[in-house]
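Chain by chain, the residues run as shown.
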Amino acid sequence: MFKAKIRSEVLKEVIDVIATQVDEVKFTITTSGINAKAVDPAHVAMVDITLDKGAFEEFKAKDTEMGINIEKLREVVKLTKSGETIAMELDEDHNRLVLSLGNITRNMSLVDTAGMSDPKIPGLNLAAKVTLELDELRKGLRAAEPVADHIALIADENNFELRADGDTDFSSLTLVKDQLVELSCKEKQRSLFSLDYFLNMIKAVSSAQNITLEFGNDFPVSMDFTFADSKGKVSFLLAPRIEND
Amino acid sequence: MCIACKGSRNLCQKGYCELLGRVRKHMSSKTLDTKEVFGSSPPSVFVGRYGYPKVSIGPMLPPERIFKAERLDDPREWWGLGIEEVVGIRGSLLRSKVEQKVSSASTPDRHLAACQELSLSSKAVDTEVLFQKKPRINFLSFDNFTAPVAPGLDMEKMRLTQNPSVPRKVDAVTSDTDVLAADGLWELYDGNVDLTQMQRLMSAGLLGEGRKRLLVPTRWSITAVDDVLGKKLMEKVRYLPQLGEVLLYRGDYAGNYFWILLVPRAWSFGMTETWMKGSFWSGDASTDTNPSRTEHTQVGAGSTQANRNSNPLDNPNPPGNSTSTISPGNPNPSVTSNSPNYSNPSDGFFTTLSDSEGFAGRTGYADRVTGAYYAARLGVLEHLIGLKRQATALIYREITHEYWLPLGVWVIRETVRKALEGRPERFDTLNSAMSRVTAHATNKKGVFHSEFVRSILSQRTLDDF
């Protein structure tokens, strides 16, 4: 059983975030909220998103699952304005989700979840932790975009740097500890990432103010942020690039 | 220079035309003593691209009835033949033409109706053509897309003197005026209709929704068919389980050397080509500095037995290809963008080009590798469907001086298909497979030319942690 009401901008962010990885997703629904985990087809990136029941206007549920085609859900959300409310009810007998928005009712058939296994989340111990303003990160990525197709994240005790080394050009976003919300890193850490993948994920974030990056030498980076008054949590994970000699 | 001369003005001051001498040996070059020609069309209908949306269309046929005429328009029959032999086969076909608006496909006059009827046939059809003048063959045009064709000769009228043999599937799809061209092609593919026939049907304006049907220049229809079928196969491949190991296939034909790597990852595709100095498009045939290729085994009959020391065409633009910016491997380096390896005169390489696409496929045209990209992609996708696996495919192609005349995009499609029929070498890691490729390739840097290849080599997956 699942019956809820949600503000359209919250649902939109959920959709944007999941759409960075997959077209179809399985939501795991419990009495305390909903969760989805999705890994992109190349197994390079994944997302783990949780929406606490407090993020909903109304929320009633028992443990269940539902498979959703993300683009279909996006079409429905597009019919609404920010601030409007969308009502959702799972119709298990007919295997569909019934959405109501204003005077519109939309029945959406569900995707079979039998073949959708939960992606395995690697257990990682990442040595650097940096929290910064999302706008700063965006600016650094924008500066890197014309320079190279990959970026390096570098942190030590006092600094965080996002740099791009191209064949001829170079760009760097450097922030000292005071300019960061949080920096914890004992030894210098450096890892390289595909700028395409990175941008694709960051572009999906709309409402968060701060973002926390955790990474380690030639290890993946996790990017965590909250939205919907901290009732929604997102964790992206991106595998590194490793330069061959 | 050669295109300006066409063998008649002695612009090269050699006193004779090397190219024509070479080509004429293999084809009847005499003027026929009648305007009326009767012969077995393979069947073949050629649609030119000049003057679009007003194009020339007409049947191609040898000036006599011959046994198994089908092979005159079937690339699968040519694979393995020497370049001269292919030219000889194509040179036996006379090309007739009338001018038609491309939009006339759904309201054909009697000329066009006859061309369309001919296109429907899967077997050779006895055809009669009355030319305006006594036909004479004196040159073929070559490009990277279409098989060599003779210049078009204006025809007065044509008539099929035999009923075309129309496969039921072809009849059903072409008479359905509600089905989109792409879906129609897919139905034909599913019904095992030959690729060449699909191209012919598309060219002759026999596919698509009724009134929207258009004649499509042969050159464009070839790549359109490769692209449409590739896209459809991709939809299936994306749902297949991933390959378990790295596979390397090799193949070569007529101076085209292929290395095809299948890597255990989600579907994506990249192709890189190195054009060597002395290959047709390099425009630098006189200084043949190509390293020997003794490390290669000849899979096909190839043309290597003829040791060429010079390319007969000083002007790399073949007739019928002028300086269009979409011409593949155009020797002007400003057109072949992204070619950092451009012409260090001593190293024997002319240029390296790459195109690629990710899991979701591409939207724009692969404008560096062009038609060869789509032909090769189709071959790979067919193979993956056969394996019931998905993979990332990397193709590296080297084109040597042995490929002294471009024969058409079928060379790529058929060589890729043949290579994939062979037994692959198996590797545990991509790195070891790549070192095998670089060990054999002449332009070792070219193997790593594309960002696509570099990123696959360096990008880790989450499964690695």
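Here goes a summary of the coordinates provided. Sequence order as written defines the numbering, with residues in each chain counted from 1. Each chain is given a letter, starting from A, and each ligand a number, starting from 1, according to the order in which they appear as written. Two thresholds apply to this predicted model, a pLDDT of at least 70 for residue-level local features and 80 or more for giving and counting side-chain atom pairs, whereas whole-chain, interface and lining totals are computed over all residues. No hydrogens and no water enter the side-chain calculation; it runs on all heavy atoms of the structure.

**Some details on the overall build of chain B**
- Only DSSP runs of H or I covering at least 4 residues are called helices, and only runs of E covering at least 2 are called strands; the numbering of each starts at the N terminus. When helices and strands are tallied, chain B shows 14 helices and twelve strands.
- Exposed residues in this analysis have more than 50% of their type's maximum accessible area, buried residues have under 20%, and partly exposed residues fall in between, with area computed by a 1.4 Å probe over protein chains only. Expressed as a percentage of its 465 residues, the buried residues of chain B come to 59%.
- For this analysis, residues touch if any pair of their heavy atoms sits within 4.5 Å. Considering only contacts in chain B between residues 6 or more positions apart, those separated by 24 or more positions represent 78%.
- Looking at chain B as shown, the accessible area adds up to about 18900 Å², and 48% of this sits on carbon and sulfur atoms. Per-residue accessibility takes into account occlusion by the displayed protein chains alone, with areas from the Shrake-Rupley method and a 1.4 Å probe.

**Overview of the pattern of salt bridges**
- Counted as salt bridges are all cases of a side-chain nitrogen of Lys or Arg within 4 Å of a carboxyl oxygen of Asp or Glu. Under the counting rule described, the total for this entry stands at 35 salt bridges over all chains.
- A salt bridge links aspartate 73 of chain B to arginine 200 of chain B; the shortest N-O distance between them is 3.7 Å. One end of the pair, aspartate 73 of chain B, is in the loop between strand 3 (54-61) and helix 3 (75-78); the other, arginine 200 of chain B, is in helix 8 (residues 195-203), with 127 residues separating them in the sequence. Arginine 200 of chain B matches aspartate 73 of chain B in its accessibility class, with the two residues each being buried.
- The salt bridge partner of glutamate 273 of chain B is arginine 397 of chain B, with a shortest N-O separation of 2.6 Å. Residue glutamate 273 of chain B is found in strand 9 (residues 268-276), and its partner arginine 397 of chain B is found in strand 11 (residues 392-399); the two are separated by 124 residues along the sequence. The exposure classification of glutamate 273 of chain B matches that of arginine 397 of chain B, with both residues buried.
- The network of salt bridges with shared partners includes Lys12, Asp16, Glu71 and Arg74 of chain A.

**With respect to the nonpolar core**
Residues and elements named next belong to chain A.
- To qualify as a nonpolar core, a set must consist of buried Ala, Val, Leu, Ile, Met, Phe, Trp, Tyr and Cys residues joined through side-chain atoms within 4.5 Å. Ranked by internal contacts, the top residues of the largest apolar core, which has 79 residues, are Phe2 and Phe198.
- The greatest single-element share of this core, amounting to six residues, is contributed by helix 1 (residues 8-19).
- Each of domain 1 (2-109) and domain 2 (128-238) accounts for three or more of the residues forming this core.
- Sequence-distant contacts of phenylalanine 198, that is, excluding residues within four places in its chain, are made with Leu137, Leu141, Ile151, Leu153, Phe193, Val221, Met223 and Leu238. Those domain boundaries reflect an automatic or database domain assignment.

**Structural notes on the sheet that holds strand 5 (residues 58-61) of chain A**
All names here are of chain A.
- Pairing in this open sheet of five strands is antiparallel, and the strands run 5-1-7-8-9 from one edge to the other. Each edge of the sheet is formed by a strand with only one pairing partner; in this case those strands are strand 5 and strand 9 (104-109). Across this sheet, the average inter-strand angle for adjacent strands is 20 degrees, counted without regard to direction.
- Between any two strands, at least two bridges found by DSSP are needed for them to pair. Across six bridges, strand 8 (residues 96-101) lies against strand 9 in antiparallel orientation. Looking across to strand 9, one finds that arginine 96 is bridged to serine 109.
- This element, helix 1, spans strand 1 (2-7) and strand 7 (85-91) of the sheet and lies at about 100 degrees to strand 1. Between N-to-C directions, angles span 0 to 180 degrees; the directions come from axes that are lines fitted to C-alpha atoms, helices contributing only their stretch in contact.

**Focus: the packing of aromatic side chains**
- The criterion for an aromatic pair is that two Phe, Tyr or Trp rings (for Trp, the six-membered ring) have centres within 6.5 Å, with stacked assigned to planes under 30 degrees apart, edge-to-face to planes over 60 apart and tilted to the rest. Tallied over the entire structure, the rule returns 18 aromatic pairs over all chains.
- Ring centres 6.3 Å apart and planes at 45 degrees place the aromatic pair phenylalanine 225 of chain A and phenylalanine 236 of chain A in the tilted group. Of the two residues, phenylalanine 225 of chain A sits in strand 17 (residues 221-227) while phenylalanine 236 of chain A sits in strand 18 (residues 232-238), which places them eleven residues apart along the sequence.
- Exposure remark for phenylalanine 236 of chain A: the relative accessible area of 0% places this residue in the buried category.
- Ring centres of tyrosine 373 of chain B and tyrosine 374 of chain B lie 5.3 Å apart, and the angle between their planes is 75 degrees; this geometry places the pair in the edge-to-face category.
- In this structure tyrosine 374 of chain B comes out as buried when scored by relative accessible area, which is 3%.
- One aromatic cluster in this structure is built from Trp267, Phe269, Tyr365, Tyr373 and Tyr374 of chain B.
- We call a charge positioned over a ring when the NZ of a Lys or the CZ of an Arg lies within 6 Å of the ring centre and within 35 degrees of the ring normal. Across from the ring centre of phenylalanine 359 of chain B, 5.6 Å away, lies the NZ or CZ of arginine 238 of chain B, which sits over that ring.
- We note arginine 362 of chain B situated over the ring of tyrosine 373 of chain B; from NZ or CZ to the ring centre the distance is 5.2 Å.

**A word on the side chain of glutamine 100 of chain B**
Residues and elements named next belong to chain B.
- On the secondary structure map, glutamine 100 appears in strand 4 (residues 94-101).
- At 3.1 Å, the side chain of glutamine 100 forms a polar contact with the side chain of aspartate 109.
- Those residues within four positions of glutamine 100 in sequence are excluded, and the remaining contacts are Pro53, Lys54, Val55, Ile57, Asp109, His111, Leu112 and Leu215. Here a polar contact means two N or O atoms within 3.5 Å. Within protein one must be a hydrogen donor candidate and the other an acceptor candidate, and residues neighboring in sequence count only if both atoms are side-chain atoms.

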